[in-house]
Amino acid sequence: MSQTYDFDRYIDRTGKASYKWDQSEKLFGRADVLPLWVADMDFEPPKEVVDAIVARAKEGIYGYTIRTEGYYEAVAGWLSRRHGWTIRHEWVTSGPGIVPALSIAVQAFTEPGDKIILQSPVYYPFYDVIRMNDRIVVDNALILTDGQYRIDFELLERQAADGAKMLLLCSPHNPGGRVWKEEELRKIGEICQKHGVLVIADEIHHDLVFSGHKHVPYATLGPSFEQASITCIAPSKTFNLAGLQAASVIIPNAELRRKYNYLLKTLSLHMESYFGLTAVETSYKHGEEWLEQLLVYLEGNRDALLEYVEKHIPSVKAIKPEGTYMVWLDCRAISEDPQTLKKLMFEKAGVAFSEGSVFGTQGAGFLRVNLACRRELLLEALRLFSEAAAQEAAAKA
Ligand SMILES: Cc1ncc(COP(=O)(O)O)c(C=O)c1O
């Protein structure tokens, strides 16, 4: 009989060295600030994953560990069942996380001074892995029209023709919440392949897609897409396992794979996390029912937020996400100044959403809300924010 998971259950995450819950005083100046920012969830992963990790912990010797056949079967099985992508085991390599994998890809496939395209507003470490590796950010800024982000393909074509070497593709997109359609991905690929731009597809949010939408893995669009891209996936967002630092990097092209693996070894990052491997294998083998229930809960949270914002915070426009557990709020009518919005959140409301300008300059005036918490907490945070926003508006009037 299938189990029912209770995502409304209160779990006290404080005092557990939590990046999200134990830093409010340090980061926001108030210990009681409700944290709905960094992308981890307040939910326990599937019971099978916890049991497998406990069993592994009880083995009591934590030596170097290897990827077993079971690991490869789990990754390939998940991609095939959930995403219709048939991969070969030998295509799968690793990284201690997706961001490290992106940074390795930047170093392995480009040179200092090369241009790398991203699509802002975007997950902020994309800027770091380009700039901190002495490459140049080329911004194919997304266009916000009719309440959704679209890709500026004409600009992309010019940027690709102008010598960009790589595109960091965020699919589904964080923070915009877009689940890119097949036609959009195909157009990106055609432009990139025409101009020799390598696509690094960060598909970490691939499992978090709301009803009516479907994630299309970039590499499934055809052999030429598969050969001129690398795809990064992980169970970390899907099953809330980010602290275990395990990612899978799928590289069908043998030469690209050789280069990536060489650098992984050079940096000595090829050894795997003992618990991470167990978490990958168990979640992909046993987590499907849990995920289905999570998606229903998250969609309920999304809809509750959209309704609340429309009714109670009319100055804010929420961009309806098609996927991820993030909602991007257009707060420009309140203020376009990041400092004003921070003050409003941290000092006046006592909530911490992510401040938008860190996702790129066009994110100024936006906030990103993490939906992956108890609905009660989400609504409480929105209530606090709406009261503070109303007070601010009254003071200005
Ligand atoms: C698009 C995207 N990539 C990567 C990550 C983080 O991946 P990791 O913790 O494996 O480096 C996140 C986390 O929010 C993300 O949203």
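Residues numbered from 1 in each chain as written. Predicted model: local features only at pLDDT ≥ 70, side-chain atom pairs only at ≥ 80, totals over all residues. Heavy atoms only, no water.

Describing the site of the ligand
Piece 1. Close to the ligand lie Ala39, Gly97, Ile98, Val99, Pro100, Tyr123, Cys170, Asn174, Asp202, Ile204, His205 and Lys237, which account for all nearby residues.
Piece 2. Asp202 has a polar side-chain atom sitting 2.6 Å from a nitrogen atom of the ligand.
Piece 3. Note that an oxygen atom of the ligand is positioned 3.2 Å from one of the side-chain N or O atoms of Lys237.
Piece 4. Look at the ligand: alone it shows 400 Å² of surface, and the protein chains cover 88% of it.
Piece 5. At a threshold of 2 Å from the grid points, most atoms of the ligand map onto the largest pocket. (Near = heavy atom within 4 Å. Polar contact = N/O pair within 3.5 Å; in protein donor to acceptor, adjacent residues only side chain to side chain. Areas by Shrake-Rupley, 256 points an atom, 1.4 Å probe, with all protein chains shown as cover. 1 Å grid on protein atoms, 1.4 Å probe; cavity = no way out; pocket = protein on both sides within 12 Å on 5 of 7 lines; lining within 4 Å. Sits in = over half its atoms within 2 Å of the grid points.)

Some points on the pairing of strand β8 (residues 198–202)
Piece 1. Counting buried positions along β8 gives five out of five residues, so the element sits mostly inside the fold.
Piece 2. Side chains Leu198, Ile200 and Asp202 project from β8 onto one buried face, and the interleaved Val199 and Ala201 project onto a second face that is buried too.
Piece 3. Relative to β8, strand β7 (residues 166–170) runs parallel, the two sharing five bridges. Note that in β8 the partner of Leu169 across the bridge is Ala201.
Piece 4. After leaving β7, the chain enters helix α7 (residues 182–194) and then returns to the sheet as β8, a path that is right-handed.
Piece 5. Examined bridge by bridge, β8 and strand β9 (residues 229–233) share four bridges and lie parallel to one another. Residue pairing in the sheet places Ile200 in a bridge with Ile230 of β9. (Buried < 20%, exposed > 50% of the residue type's maximum accessible area, 1.4 Å probe, protein only. Helix = DSSP H or I, 4+ residues; strand = E, 2+ residues; numbered from the N terminus. Pairing = 2+ DSSP bridges. Right-handed = clockwise from strand over helix to strand, strands pointing away.)

Overview of the sheet that holds strand β11 (residues 317–319)
Piece 1. The strand order across the open sheet formed by four strands is β11-β12-β15-β14, and the pairing between neighbours is antiparallel. Of all the strands in the sheet, the pair left with one neighbour each is β11 and β14 (354–355).
Piece 2. Of the pairings in the sheet, the one linking β14 to strand β15 (residues 366–370) comprises two bridges and is antiparallel in character. When the bridges of β15 are listed, Glu355 appears paired with Leu367.

Topic: the nonpolar core
The nonpolar side chains of a soluble globular protein tend to be buried with one another.
Piece 1. Counting residues in hydrophobic clusters, the biggest one holds 76 residues, and the most contacted among them are Val75, Leu305, Phe353 and Phe385.
Piece 2. Of all the elements, helix α12 (residues 288–312) adds the most residues to this core, at 10 residues.
Piece 3. Residue contributions to this core reach at least three from each of two domains, namely domain 1 (24–46 + 288–389) and domain 2 (61–286).
Piece 4. Counting 32 residues, the second largest nonpolar core, distinct from the first, contains Tyr127, Leu168, Tyr260 and Leu264. (Core = buried A, V, L, I, M, F, W, Y, C linked by side-chain atoms within 4.5 Å. Domains from an automatic or database assignment.)

Considerations on empty space enclosed by the protein
Piece 1. Counted according to the given criterion, the structure contains one cavity of 30 Å³ or more.
Piece 2. Empty space within the largest cavity amounts to approximately 30 Å³.
Piece 3. Along the walls of the largest cavity sit Pro235, Ser236, Leu241, Leu244, Gln245, Ala246, Gly276, Ala279 and Val280, which together make up its complete lining.
Piece 4. For the lining of the largest cavity, the leading source of residues is helix α11 (residues 274–286), giving three residues.
Piece 5. The residue makeup of the lining of the largest cavity, split by class, is six nonpolar, three polar and no charged. (Points joined across faces, edges and corners; volume = space filled by probe spheres on them. Nonpolar A, V, L, I, M, F, W, Y, C, P; charged D, E, K, R; others polar.)

Focus: the pairing of β9
The side chains of a regular strand alternate, residue by residue, between the two faces of the sheet.
Piece 1. Burial runs high along β9: five of the five residues are buried.
Piece 2. What you see with β9 is no split at all: Ser229, Thr231 and Ile233 on one side and Ile230 and Cys232 on the other are buried throughout.
Piece 3. Relative to strand β10 (residues 247–250), β9 runs antiparallel, the two sharing three bridges. Looking at the pairing, Cys232 lines up with Val249 of β10.

Quick look at the packing of aromatic side chains
Piece 1. Tallied over the entire structure, the rule returns 22 aromatic pairs.
Piece 2. Ring centres 5.7 Å apart and planes at 40° place the aromatic pair Tyr19 and Trp37 in the tilted group. You can see Tyr19 sitting in the segment before α1 (24–28) and its partner Trp37 sitting in the loop between β1 (34–35) and α2 (47–59), a full 18 residues away along the chain.
Piece 3. Taking the relative accessible area as the measure of exposure, Tyr19 reaches 54% and is therefore exposed.
Piece 4. Judged by its relative accessible area of 10%, Trp37 is buried.
Piece 5. Among the aromatic residues, those joined into a ring-pair cluster are Tyr5, Phe7, Phe43, Trp78, Phe239, Tyr284, Trp290 and Tyr297.
Piece 6. The cationic tip of Arg56 hangs over the ring face of Tyr274; the distance from NZ or CZ to the ring centre is 3.9 Å. (Phe/Tyr/Trp six-rings, centres within 6.5 Å; stacked < 30°, edge-to-face > 60°. Lys NZ or Arg CZ within 6 Å of the ring centre and 35° of its normal.)

A word on the domain arrangement of the protein chain
Many authors give the size of an interface as the accessible area that is lost as the parts come together.
Piece 1. Looking at the assigned domains, one finds that the protein chain contains domain 1 (24–46 + 288–389) and domain 2 (61–286).
Piece 2. Look at where the C-alpha atoms of domain 1 and domain 2 centre, and you get two points 25 Å apart.
Piece 3. Counting residues at the interface gives 34 residues for domain 1 and 36 residues for domain 2.
Piece 4. By the criterion of area lost to domain 2, the three top residues of domain 1 are Glu288, Glu322 and Thr324, representing 26% of everything that side buries.
Piece 5. Where domain 1 meets domain 2, there are four salt bridges.
Piece 6. Residue Glu288 pairs with Arg81 through a salt bridge whose shortest N-O separation is 3.0 Å.
Piece 7. If you look at where domain 1 meets domain 2, you find 20 residue pairs in polar contact (both at pLDDT 80 or more).
Piece 8. In terms of residue count, α12 provides more of the side of domain 1 that touches domain 2 than any other element does, nine residues in total. (Contact = heavy atoms within 4.5 Å. Buried area = accessible area lost by both parts, 1.4 Å probe. Salt bridge = Lys/Arg side-chain N within 4 Å of Asp/Glu carboxyl O.)

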